[in-house]
Amino acid sequence: MNSHRRQVLACGALSVAALVCGTPVRAQATYPDRPVHVSLGFSAGSGADILARYYAHQLELLSKQPWIMDNKPGATGNIAVRYVARSEPDGYNVLFVANSNMAGSRYLFKDVPFDSLADFKPIASFAQIAFVLVVAPNSPINSIQELVAKLKAKKDNIAGYTNQTAQLSTELFKQISGAPARAVGYKTAADAMKDITDGTLDFMVLDGTFAAGQVRQGMLKALAVTTAMRSPTFPDTPTMQEAGVAGFEFSPWWAVYVPAKTPQAIADKLEAWMHEIARMPETPKFLETVGSIVNDDTARQADARLRAELPKWEALVKAAGIELQ
Amino acid sequence: MNGFEGIYHGFSIALEPQNLMWCFVGVTIGNLVGVLPGMGVLSAVSILLPLTFGMKEVPAILMLAGIFYGSQYGGAICSILLNLPCHPPHAVTCLDGYPMTKQGKGGVALGITMMGAAFGAAFGIVQMMFFAPYIAKVAFQFGAPEICSLMLLGLLAGSTLAKGSPLKGVAMTILGLLLGLVGTDINTGVERFTFGMIDLSDGVALVGLALGIFGIAEFLKSVNNTAPVNTAYTNVRMRDMRPSKAEMKEAVFPILRGTLIGSLCSCIPGTGPTIASFVAYAAEKKISKTPEKFGHGMIAGVAAPETSTHSSVQGDFIPTMSLGIPGDAVMALLLGALIIHGITPGPRLIVEHPDIFWGLIASFWIGNLMLIVLNVPMIGVWVKMLMVPYKFLFPSALFFICIGVYADKNSIYDVGVTLFFGIFGYLLLMLKFEPAPILLGFVLGPRFEENFRRALIISRGDMNTFVDRWISATFLSLCVVLVCGQMYVRIKDKAPVPATIFGLAALALVGYLNIYVFGLIVFGIAAKFAIGSMTKKPAASAKPAETPTARIAGE
């Protein structure tokens with residue numbers, strides 16, 4: 001009786017084991033055979049969301065399965081990252097994330113509920129967003145050199161920022177140029193518009209997605225973009241390096257990650273799709289409308305990019321005097 | 001293109017069959033979203049945003065905008081009938097709307113709401129047609145010191161929002177301020193009172209707080225009443241729904257004042273309909289000759305905040321459309337939709353894309369008309385909803401609350417927050433604390449603090465920045481007038497405990513003192529009073545709690 005039961009149990013266990021072992025192989029061959037969920041740490045309709053949705057849409061066309069956007073805003077995006085770090089590594093949980101979470105969070109917060117290096121497998125880094133340094137439209141200042149000279153002469157300057165990337169960009173700008181400025185935080189770019197346009201703020205580093213229209217229509221004057229190369233959204237604006245801030249490169253970039261234990265075959269498939277999208281002619285065109293530049297990094301390049309940025313974030317967070325949480 | 005040419009052009013666009021259809025779809029969805037508790041307009045717009053990617057830009061914007069203002073029409077319904085603030089701007093409508101329902105005047109309250117809505121919206125649209133550029137200029141006068149002073153005025157004026165003991169009211173306002181502190185500090189990045197939970201690092205969700213302390217608390221309170229509570233006022237006849245002449249007369253001036261406050265609030269960046277409706281209610285109570293009747297079903301207490309919400313919602317479009325600067329998160333979404341369609345929102349939108357600007361304005365007229373046609377005949381149906389037995393009605397409302405709150409951020413944590421505040425709100429009700437001032441403190445407090453600190457950083461630490469600028473100075477002098485007025489009345493009446501003054505001083509000091517300890521002390525004292533009076537004699541305790549209110553009435 002007893003042994004019979006044991007046999008049944010053993011059979012059951014074996015068949016379960018066979019099922020479990022068999023599934024990934026079959027799943028990898030047919031992946032994806034059900035909708036894929038993309039987690040994003042920003043609310044729907046935000047600049048990040050518009051960008052992410054473009055890629056999700058293209059992935060949908062390539063994979064012939066729906067890609068569902070799960071907007072999980074909160075804790076500057078860390079809630080979405082935590083969610084994917086803890087989710088099933090089956091290729092159906094994908095994270096679209098910015099470097100501020102992957103490179104910055106470990107220095108900005110004391111208890112980060114994920115490890116950006118150990119918990120994730122990189123797929124590709126796909127876009128860079130140009131932040132712009134702007135001044136009031138009627139300001140007599142027309143270049144970064146003039147701005148630095150004026151800041152150094154006036155001493156008690158004030159600079160606005162709306163997020164940590166902008167705050168740290170300001171810090172880096174201060175460090176390299178030696179110009180003094182005190183930073184003041186705003187919740188949204190819209191909140192800061194009054195103060196930057198009437199000259200209350202001496203300068204501000206602003207998200208290119210929002211600034212594009214304001215700069216083009218003369219509400220703000222752009223002095224430099226924070227990316228290493230010029231942005232097609234601001235074709236006449238020099239980069240920080242061109243404007244004389246040597247070695248300045250600090251801008252948000254976006255990447256795709258999956259949980260670390262996701263099968264390599266699935267990761268490779270995703271990577272191939274991401275490269276295909278990067279090479280589509282409409283991709284740079286679309287990215288320009290949201291102030292972004294296409295990246296076509298491989299998984300390895302994306303990983304190297306992240307590792308190279310870690311010390312930069314650590315140093316800047318310390319310099320900006322942001323208290324560890 | 002002036003206002004008349006513009007609107008003519010706009011109607012030619014908005015009346016195109018396709019645009020008309022999407023406008024109708026938008027307002028209908030909005031109306032439904034407004035009725036569903038917890039289902040925020042933000043989540044509705046963001047869910048439907050991808051749908052518009054394949055549409056042309058004009059119908060896309062008309063539809064998304066329709067959801068926004070359409071939801072305001074639905075929002076008042078549950079507030080008035082079920083004490084469920086489905087939508088934060090309508091939380092304050094619960095205060096007098098629900099008592100009206102209890103008196104069998106739910107239909108009247110809804111009728112008044114519709115009148116106010118129509119008027120407020122119409123005013124907002126006219127304002128946008130003719131004065132958009134000027135209003136955008138006014139908006140640019142409001143920097144950190146001005147907003148800070150305005151918030152202080154709002155806090156002072158609203159500190160008497162609650163009925164019952166003023167001390168308890170102040171304690172609740174401070175509790176609201178404390179709750180508003182939870183989350184990441186914008187200037188230093190320090191996380192306050194998050195207890196290591198990253199889900200709290202953006203603070204407590206307003207929707208969850210409002211639904212918890214009003215809706216769920218009320219549910220928990222009524223669930224113990226085994227007797228069927230609401231059969232008495234569900235049998236509403238058709239003619240009971242139409243406001244009488246006297247009631248209309250009572251509503252006229254609150255509607256006018258609400259419109260003004262709403263349009264003012266819409267001019268000030270970041271001051272959306274929620275603040276507008278709270279300020280309108282507080283102002284109405286301050287002006288009223290019978291403030292003691294507020295909270296017991298005053299028509300003015302429904303008319304003013306509702307009108308204010310609608311006029312503010314329409315006004316919200318002004319900075320968004322004329323400057324490309326979004327007034328709130330929903331407006332940021334609309335701008336996102338424009339960007340997707342390759343249109344750069346900015347100060348030249350009106351000139352470069354007159355189709356969108358004027359088409360939108362014309363669709364406001366059409367959409368609001370549709371909403372009134374949709375809603376007025378429905379009042380009767382809504383009121384009938386109360387005839388659904390309690391045991392079905394409230395569990396299903398609870399169900400929708402959970403779904404709505406979850407959908408807001410795809411977060412189960414917020415559902416927990418809502419339920420927590422539900423239980424907490426129930427305890428407050430048991431101890432006879434009015435929950436409304438919590439919301440006031442919660443909404444105004446963080447904006448006060450944020451702008452106070454920003455103003456001081458910008459002025460390099462000079463406190464004079466608050467009096468050097470005339471708009472800010474005006475608000476501050478109004479604060480002084482308010483405080484002195486209260487003191488004068490107190491001294492004249494020789495009140496034994498100048499609780500109000502004490503509370504007002506407490507509010508003013510909140511920025512400096514260790515407010516956590518301070519708040520707890522006040523809360524503790526008030527709680528002691530409450531428990532003391534409850535344990536003595538329940539019957540007798542009601543009276544001392546009522547008298548101070550009556551005294552404030554004289555002010």
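Computed from a prediction, not measured in an experiment: that's the story for all the values here.

### Observations concerning the overall build of chain B
When its secondary structure is counted, chain B shows 26 helices and two strands. Residues counted as buried form 57% of the 555 residues belonging to chain B. Contacts in chain B between residues far apart in sequence, at least 24 positions, make up 79% of those at least 6 positions apart.

### Concerning the environment of His-37 of chain A
All names here are of chain A. Examined against the element boundaries, His-37 turns out to sit in strand E1 (residues 36-40). Residue classification places His-37 among the partly exposed residues on the basis of 17 C-beta atoms within 10 Å. Linking His-37 and Met-204, residues 167 residues apart in sequence, is a C-alpha distance of 36 Å. Apart from the residues lying within four places of it in its own chain, the contact partners of His-37 are Ile-68, Asp-70, Tyr-92, Asn-93 and Val-94.

### A closer look at the interface of chain A and chain B
Facing the 41 residues of chain A at the interface are 41 residues of chain B. A total of five residues in the side of chain A that touches chain B trace back to one element, the largest contributor, which is helix H7 (residues 189-197) of chain A. Partitioning the side of chain A that touches chain B into residue classes produces 15 nonpolar, 13 polar and 13 charged.

### Quick notes on the sheet that holds strand E8 (residues 203-207) of chain A
What the five strands build is an open sheet, ordered E7-E6-E8-E5-E9 (chain A); its pairing is mixed. At either end of the open sheet lies a strand with only one pairing partner, and these are strand E7 (182-185) and strand E9 (221-225) of chain A. Averaged over neighbouring strand pairs, the angle between their axes works out to 30° when direction is ignored. Inspection of the sheet shows strand E6 (residues 158-161) of chain A paired to E7 of chain A by four bridges, in the parallel sense. Note on E7 of chain A: the bridge partner recorded for Ile-158 of chain A is Arg-182 of chain A. Relative to the sheet, helix H21 (residues 436-458) of chain B contacts E6 and E7 of chain A, its axis offset from that of E7 of chain A by approximately 160°.

### Focus on the confidence of the model for chain A
Should pLDDT be low for a region, the predicted coordinates there are not to be read in detail. When the pLDDT values of chain A are averaged, the result is 86; 90% of them are 70 or greater. Low pLDDT (under 50) marks residues 18-25 of chain A, which in the prediction has one contact with non-local residues, meaning those over four places away or in another chain.

### Some remarks on the pairing of E8 of chain A
Residue and element names in this part refer to chain A. Judged by how many residues are buried, E8 sits mostly within the fold: five of five residues are covered. Here strand E5 (residues 131-135) pairs with E8 via four bridges, running antiparallel. Within E8, the residue paired with Phe-131 across the bridge is Asp-207. The sheet contact formed by E6 and E8 spans two bridges and is parallel. Bridge pairing in E8 links Ala-159 to Phe-203.

### Observations regarding the sheet that holds strand E10 (residues 253-259) of chain A
All names here are of chain A. Reading across from one edge, E2-E1-E3-E10-E4-E11 is the order of the six strands in this open sheet, with mixed pairing throughout. Looking at strand neighbours, the two that pair on one side only are strand E2 (67-71) and strand E11 (292-294), the edges of this open sheet. Ignoring strand direction, the axes of neighbouring strands in this sheet form an average angle of 30°. The pairing of E1 with strand E3 (residues 93-98) spans four bridges and is parallel.

### Some words on the domain arrangement of chain A
Residues and elements named next belong to chain A. Annotation of chain A at the domain level lists domain 1 (31-129 + 252-319) and domain 2 (131-225). Its C-alpha centre places domain 1 at a distance of 28 Å from the equivalent point of domain 2. Each partner contributes residues to the interface: domain 1 has 12 residues there, and domain 2 has 11 residues. Looking at the side of domain 1 that touches domain 2, the elements with two or more residues in it are helix H4 (99-108) and helix H11 (299-319).

### What about the nonpolar core?
Proteins that are soluble and globular tend to have nonpolar side chains buried together. Judged by nonpolar contacts, the single largest core of 276 residues is most densely connected at Val-132 and Val-134 of chain A together with Val-45 and Ile-61 of chain B. Taken domain by domain, this core gets at least three of its residues from each of domain 1 (31-129 + 252-319) and domain 2 (131-225) of chain A. Beyond its immediate stretch of four places on either side in the chain, Val-134 of chain A contacts Ile-196, Phe-203, Met-204, Leu-206, Ala-211, Val-215, Leu-220, Lys-221, Ala-222 and Leu-223 of chain A.

### A few points about the environment of Ala-224 of chain A
Residues and elements named next belong to chain A. For Ala-224, the position within the fold is in strand E9. Overall, the presence of 26 C-beta atoms within 10 Å leaves Ala-224 in the buried class. Spatially, the C-alpha atoms of Ala-224 and Thr-197 are 17 Å apart, while their sequence positions differ by 27 residues. Filtering out sequence-adjacent residues up to four positions away, Ala-224 remains in contact with Leu-133, Ile-144, Thr-237, Pro-238, Thr-239, Met-240 and Ala-243.

### Looking at the confidence of the model for chain B
All names here are of chain B. Chain-level pLDDT for chain B is 80 on average; 84% of the residues reach the 70-or-more range. In this model, residues 534-555 is a region of pLDDT below 50 whose contacts with residues beyond four sequence positions or in other chains number 26 contacts. In the predicted complex, the global pTM is 0.78; the interface-specific ipTM is 0.76.

### So, the packing of helix H4 (residues 57-82) of chain B against helix H5 (residues 93-102) of chain B
Residue and element names in this part refer to chain B. Orientation of H4 relative to H5, taken along the N-to-C sense of each, is 55°, at an axis distance of 6 Å. Accordingly, the angle class assigned to the pair H4 and H5 is oblique. Residue-level inspection shows Ala-76, Ser-79, Ile-80 and Leu-81 of H4 in contact with H5, the latter providing Thr-93, Cys-94, Gly-97, Tyr-98, Met-100 and Thr-101. Its residues assigned to classes, the contact of H4 with H5 comprises six nonpolar, four polar and no charged.

Cut-offs applied
- Residues numbered from 1 in each chain as written.
- Chains lettered and ligands numbered in written order.
- Predicted model: local features only at pLDDT ≥ 70, side-chain atom pairs only at ≥ 80, totals over all residues.
- Helix = DSSP H or I, 4+ residues; strand = E, 2+ residues; numbered from the N terminus.
- Buried ≥ 20, exposed ≤ 12 C-beta atoms within 10 Å, placed from the backbone.
- Contact = placed C-beta atoms within 7 Å.
- Nonpolar A, V, L, I, M, F, W, Y, C, P; charged D, E, K, R; others polar.
- Pairing = 2+ DSSP bridges.
- Axes fitted to C-alpha atoms, helices over the stretch in contact; angles between N-to-C directions.
- pLDDT = per-residue confidence, 0-100.
- Domains from an automatic or database assignment.
- Core = buried A, V, L, I, M, F, W, Y, C linked by C-beta atoms within 7 Å.
- Parallel < 35°, antiparallel > 145°, perpendicular 65-115°, else oblique.

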